[in-house]
Amino acid sequence: MLALVLFASACGSSADEAVTGAVDEVEDVVTGDGEGDNGAMEEDADDSGMEEDADDGAMEEDADDGAMEEDADDGAMEEDADDGPVYGGTLTALLEAESDTWEIPGANCAVSCITVMRTVAEPLTIVNDAGEVEPFLLETYETNDDFTEYTLTLRDGITFHDGTAADGAAMQRSLQEMAQGLLQGQVLVDLVDGPDSIELVDDMTVKLTFSRPYATFGYNIAERTGWLIAPSYWDDPERAAALMVGTGPFKMVEWTRGEQTVVEKNDDYWRTDADGNALPYLDEIVFRPVPDVSTRLATMEAGDADYNMDSFGENSAFWEGEWLDNGGRLLVPSDDRETTYLMFNNAAPPFDDPQVRRALAHCSDRDEYMAFRAPNDTLANGPFAKGALGYLDDTGFPQFDAEEGNRIFDEIGRPELITYGTTNVPSNLLTAELFVDMWSKNCGLNVEIDQFDQSELITKAITGAFEVFLWRNHGQGNPGLEFVWWHSRHASGLALNFGRIIDEDIDASLEQIWATTDEGELDSLAQDINRKFGSEVYNMWLNTTEWANPYQPNVHGVGVLDTPSGNRAQTGVAGRSWLSQAWKDAS
Amino acid sequence: MIGIVLLILVALLAVWIIRTAGWRFATKRLAQAALILLIVTFGTTWLLRLSVVDEKINEALVELDLPAESGPCIVALGTGADRESVLGCVDDLKLDRPVYVQYGSWLGSMFSGDLGFAQYRTQIPLSKVLGDRAPRSLLLFVYSQLIALGLSVPAGVWAAYQAGKPGRRFPPTWLLPLIIAGAGALGFVAGWSGLAIAILAVLVPTYLFFGYKGGSGGDGLVNTSAFVILSIPAFVIGESLRYFFAIRSDVYDLVGYISPTEGLWDHARSMWLPSLVLGLALSPVYLRLLRSDMIANLQQDFTAVAKAKGLPNWWVLFRHVLRPSTLTLLTVAGLNIAQLVNGAIITEFIFDLDGVGSYFLEAVAAKEFFPLQTLVAIVAILFVGTNTLVDIFYSAVDPRVRADDEK
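Residues numbered from 1 in each chain as written. Chains lettered and ligands numbered in written order. Predicted model: local features only at pLDDT ≥ 70, side-chain atom pairs only at ≥ 80, totals over all residues.

**Section: the overall build of chain B**
The helix and strand inventory of chain B stands at 17 helices and two strands. Within chain B, the fraction of its 407 residues that count as buried is 38%. Partitioning the contacts of chain B with sequence separation of at least 6, the portion at a separation of at least 24 is 67%. (Helix = DSSP H or I, 4+ residues; strand = E, 2+ residues; numbered from the N terminus. Buried ≥ 20, exposed ≤ 12 C-beta atoms within 10 Å, placed from the backbone. Contact = placed C-beta atoms within 7 Å.)

Encoded structure:
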């Protein structure tokens, strides 16, 4: 036994990380926290970060060409088009968590759920690799001048997996169900008359009317809200536990909770690839939820799975090093990244005072944080990553300057006590201890750590029972999708504007964003928001979050989706990708 | 329906106990069992309610004009929580009622056979989730127990037999530091792999050497091995074996749990390594217990009589000495029923088996009180029931126990 232990420990750093990380990961899974770069919060198992995808619909803005799989080490590029697809085979994809339900209107459908759903359900629109919304299931997608009315016309000839036609009535039903959902309902909350504002115009056309401009609606229906789901699913009295019925290239045939979800080829699938070849290529995809990140890594290393998703920062060195060296592949990540930051409660002392926030930012050596807690990530000065709309090199965010921080605190007085909240995940606690140490040494602040269970994180955020804690969010592409996190109308009661940001300028910018689709205007308005965050220090930005989507050398087509217009869809963001056109080498 | 079935099973069990061990024994044990279950389940209910008390959250909830007990509902509903849905949830789960009212409501559901839901938000029945997960944990437990007993019983019997006997002399004590130094040097030169190979090169001959007429040296070697395994945490055993058999070689496939209905061979292939991990973790304790009891019983008069009658050694050991030596082993094996949930958790994670243990943790994290109470009750019933059966087995295995009890 001892010999085996020694042998195992000798045989590669991944084993060491796996062993030492096992305790963390068990705890992560225990607490439901995904240990990303520095420990964060997500309602999926081990993914780090607060991934609140439900209300606005996550937007995957991948500016990169999804067909290109770059070997990060030597820049070697693989062009899928050269190889050509092989039909047949089964792909095994590892998920970081099991989905509670496929009842999307009320489900917290995050990375794992989206990855599965993208194979069986399809959105009304899609965001292409140029970042533009275009029709997908829709034939046409029209809006009036002020973005308050949308007329959606479905393509002909599409059927659901149960054989029924995907028509206007089905689309109306799907959207109405979404409008009544606990989570998706928040996307459609501005309908003039609730679900009744979703009118059937003709056999294939539906019209929606909103009470205010909603220019981002096209982006919202490019994911969850826009998934077209069969009426037979909605009619199922036990739909919470039922299999999804959509129009996708695969049909859901089995869902054994905690074990696997199996999707099989849809022989009647309507779409072809860019070369006119029938889709899908694979016979079957088996999704296995494996919450423990070290087990997922080991499974990939052992060659017992084909695809994975991993946001655990400490694994990135493996994926970008040894994995690629051994011929493995990594999906090229999108420019849009989630951002990890310290979120202040801007409505309660001490952080209701902007000078306190500013001084604290001056007291924080974020380079030190990066070195110890996120060495492979990029420092963030705002919520928008480089390459994304709204990005700025200099947002005016206060840089580390302990002298200035002390000067401000000497002037306004130091808070009696700052409470830094953290979940009881070891990695989160390390980050907390780093900041506590930093703030007390650099600026003589009195800081205590309030540890709590992961399950309490959402409660604290929604109810505002916190002063500051680590968070991860944003990076959804279209800045309008950040509305619910930043607009003051969501800052009261059980608030989704967790930071309780009440800023007229940000409100105005968001409302203008909702009234335009012009990319230049969106960029400019998002930059205004970025500058406001920099000057008001509503959050302390830390780093962008890197995801790894590794897959085996014999797998191709990951991240590839040919749109009906001949474009490519965005590859994905924050761990989500496309497997619809994946294929494997002939064995 | 389930409640009726359970009642019938309990009645049948009671009849069997009465017939085997007497009505006094049966009454006493069943009454104890019922009391224990009541204390455990009520205690769990109460402690779970205490665990959610976070003053800051409670204050914030009250400020929002919500019941202070709404926390679990916000956890359940997540970002979909609005005032209406939270109040509805509080009412459904009776969170604003006294704990004894909640307990009574839960108890009533249990007796009516309604195990409730696994998750409030989705209302997926707990029975369905347990139906999916329990077989995995149960099979893991059974296989691991078989492996543990399969390893510990022969080794324990052999070690006990060798104890105190003259045997082979261990190589001179002064050689030991030289061996260790040599292995260390080799490790320094050849790395951890070389060191591991060197250790194996030393250990294998050592085991062979003491395996044959080893005497007290052999007993010592078995004891030492047991201590080494005991000192290695289960997750280290699991991770190491997983790396060695799944990644380094391709002997084990990390495909998660495969049900027996999908093929016995595939099922065996998916379960052998996690079972081995858990079995290895359990075996040293069993070995040590059995060895101690065997040594004590080998010195008893009945053993001497059996030997004097000319019976072969193996017959004496396995027919006469082993049986009364298993009492402690049975007790511990019975106590290990708790491994069904808590001990197997790490193994379930490492090998992606998704059994009851992992669901338990998910429910704790999500503050799903009712499923947790139900799970605790089920485990408690299993625990108490198994240990009651173990007590009965005592009577069957060792008539002296029955005689004592009837006095």
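**Here's the deal with the overall build of chain A**
Helix and strand counts for chain A come out as 17 helices and 22 strands. Counting across all 587 residues of chain A, residues that qualify as buried make up 64%. Counting contacts in chain A only where the partners sit at least 6 residues apart, residues at least 24 apart contribute 73% of the total.

**Digging into the environment of V40 of chain B**
Residue and element names in this part refer to chain B. The residue V40 is located in helix α2 (residues 23–51) in this model. For the pair V40 and A377, spaced 337 residues apart in sequence, the C-alpha separation works out to 7.5 Å. With residues up to four places along the chain from it excluded, the contact list for V40 reads V376 and A380.

**What to know about the confidence of the model for chain A**
Close inspection of predicted coordinates is inappropriate in any region flagged by low pLDDT. Chain-level statistics for chain A give a pLDDT mean of 84 and a share of 86% at 70 or above. Across residues 1–82 of chain A, confidence stays below pLDDT 50; counting only partners more than four residues off in sequence or on other chains, it has 301 contacts. (pLDDT = per-residue confidence, 0-100.)

**A word on helix α16 (residues 504–513) of chain A**
All names here are of chain A. For α16, the full list of buried residues reads I506, S509, L510 and I513. What you see down the axis of α16 is that its buried residues fit within an arc of 100°, all on one side. Against α15 (483–486) and α17 (519–536) lie the buried residues of α16. (Arc of directions from axis to C-beta.)

**Some thoughts on the nonpolar core**
Ranked by size, the top nonpolar core spans 243 residues in total, and within it M117, L228, I285 and Y307 of chain A carry the most contacts. Filtering out sequence-adjacent residues up to four positions away, I285 of chain A remains in contact with L91, A93, T119, F250, V263 and L579 of chain A. Listed in part, the five residues of the second largest apolar core include W106, M110, F369 and F370 of chain B. (Core = buried A, V, L, I, M, F, W, Y, C linked by C-beta atoms within 7 Å.)

**Notes on unusual backbone geometry**
Among all residues except glycine, the phi angle is most often negative; among peptide bonds, the trans geometry is most common. All names here are of chain A. The omega angle of the peptide bond from L279 to P280 is -5°, so this bond is cis rather than trans. Mapped onto the elements, P280 comes out in the loop between β12 (260–265) and β13 (284–289). P350 follows P349 through a cis peptide bond whose omega is 0°. On the secondary structure map, P350 appears in the loop between β15 (339–344) and α10 (354–362). Positive phi, normally seen in glycine, also occurs at R500, with a value near 55°. Mapped onto the secondary structure, R500 falls in the loop between α15 and α16. Judged by the 20 C-beta atoms lying within 10 Å of it, R500 falls in the buried class.

**As for the sheet that holds strand β6 (residues 138–143) of chain A**
All names here are of chain A. Judged by pairing direction, the sheet is antiparallel, and its four strands sit side by side in the order β6-β7-β10-β9 without closing on themselves. In this open sheet, the two strands that pair with only one neighbour each are β6 and β9 (198–202). Going from strand to strand, the sheet's axes swing by 20° on average, the running direction of each strand aside. Relative to strand β10 (residues 205–209), strand β7 (residues 149–154) runs antiparallel, the two being bridged by five bridges. Within β10, the residue paired with T153 across the bridge is T205. Relative to β9, helix α5 (residues 168–179) is tilted by about 175°, and along the sheet it contacts β7, β9 and β10. (Pairing = 2+ DSSP bridges. Axes fitted to C-alpha atoms, helices over the stretch in contact; angles between N-to-C directions.)

**As for the domain arrangement of chain A**
Domain assignment breaks chain A into domain 1 (54–103 + 109–118 + 248–333 + 547–584), domain 2 (122–247) and domain 3 (339–544). Computed over C-alpha atoms, the centres of domain 1 of chain A and domain 3 of chain A are 32 Å apart. (Domains from an automatic or database assignment.)

**Quick look at the packing of helix α9 (residues 216–231) of chain B against helix α11 (residues 264–298) of chain B**
Residues and elements named next belong to chain B. Where α9 meets α11, the closest approach of the two axes is 8 Å, and the angle between their N-to-C directions is 140°. Classed by the angle they form, the pair α9 and α11 counts as oblique. Here the hand of the crossing between α9 and α11 comes out left-handed. Between α9 and α11, the contacting residues are A226, I229 and L230 on the first element and L280, S283, P284, L287 and R288 on the second. Considering only residue class, the contact of α9 with α11 consists of six nonpolar, one polar and one charged. (Parallel < 35°, antiparallel > 145°, perpendicular 65-115°, else oblique. Left-handed = near helix turned anticlockwise from the far one by under 90°. Nonpolar A, V, L, I, M, F, W, Y, C, P; charged D, E, K, R; others polar.)

**Let's talk about the packing of α2 of chain B against helix α6 (residues 99–111) of chain B**
All names here are of chain B. In the contact formed by α2 and α6, the axes pass within 10 Å of each other and the chain directions differ by 130°. Here α2 is positioned oblique relative to α6, judged by the angle of their axes. Viewed along their axes, α2 and α6 form a crossing whose handedness is right-handed. Packed against α2, whose contacting residues are F42, T45, W46 and R49, the element α6 presents V99, Q102, Y103 and W106 at the interface. Of the residues in the contact of α2 with α6, the class split is five nonpolar, two polar and one charged.

**Quick look at helix α7 (residues 126–162) of chain B**
Counted at 1.5 Å a residue, the expected span for α7 of chain B with its 37 residues is 54 Å, and the 51 Å between its end C-alpha atoms agrees. Positive backbone phi, approximately 80°, marks G164 of chain B, located one or two places after α7 of chain B. (Expected span 1.5 Å × (residues − 1).)

**Focus on the sheet that holds β12 of chain A**
Residue and element names in this part refer to chain A. One open sheet holds the four strands; their spatial order is β3-β13-β12-β11, and the pairing between them is mixed. One side of each edge strand has no neighbouring strand; the edge strands of this open sheet are β3 (90–95) and β11 (250–256). The mean angle between the axes of side-by-side strands here comes to 20°, regardless of whether they run parallel or antiparallel. Where β11 lies against β12, six bridges are found, and the strand directions are antiparallel. What sits directly across from T256, in β12, is Q260. The strands touched by helix α4 (residues 111–120) within the sheet are β3, β11, β12 and β13, with β11 carrying the most contacts at an inclination of about 140°.

**A look at the confidence of the model for chain B**
Residue and element names in this part refer to chain B. Confidence in the prediction for chain B averages 81 pLDDT; 88% of positions are at 70 or higher. α11 holds the highest mean pLDDT among the elements of chain B, 91, whereas helix α17 (residues 399–406) holds the lowest, 56. For this predicted complex, the interface confidence score (ipTM) comes to 0.72, while the overall pTM stands at 0.79.

**Section: the pairing of β9 of chain A**
Of the strand pairs in this sheet, β9 of chain A and β10 of chain A are connected by four bridges, and their pairing is antiparallel. Each bridged residue has a counterpart across the sheet, and for E199 of chain A the counterpart in β10 of chain A is K207 of chain A.

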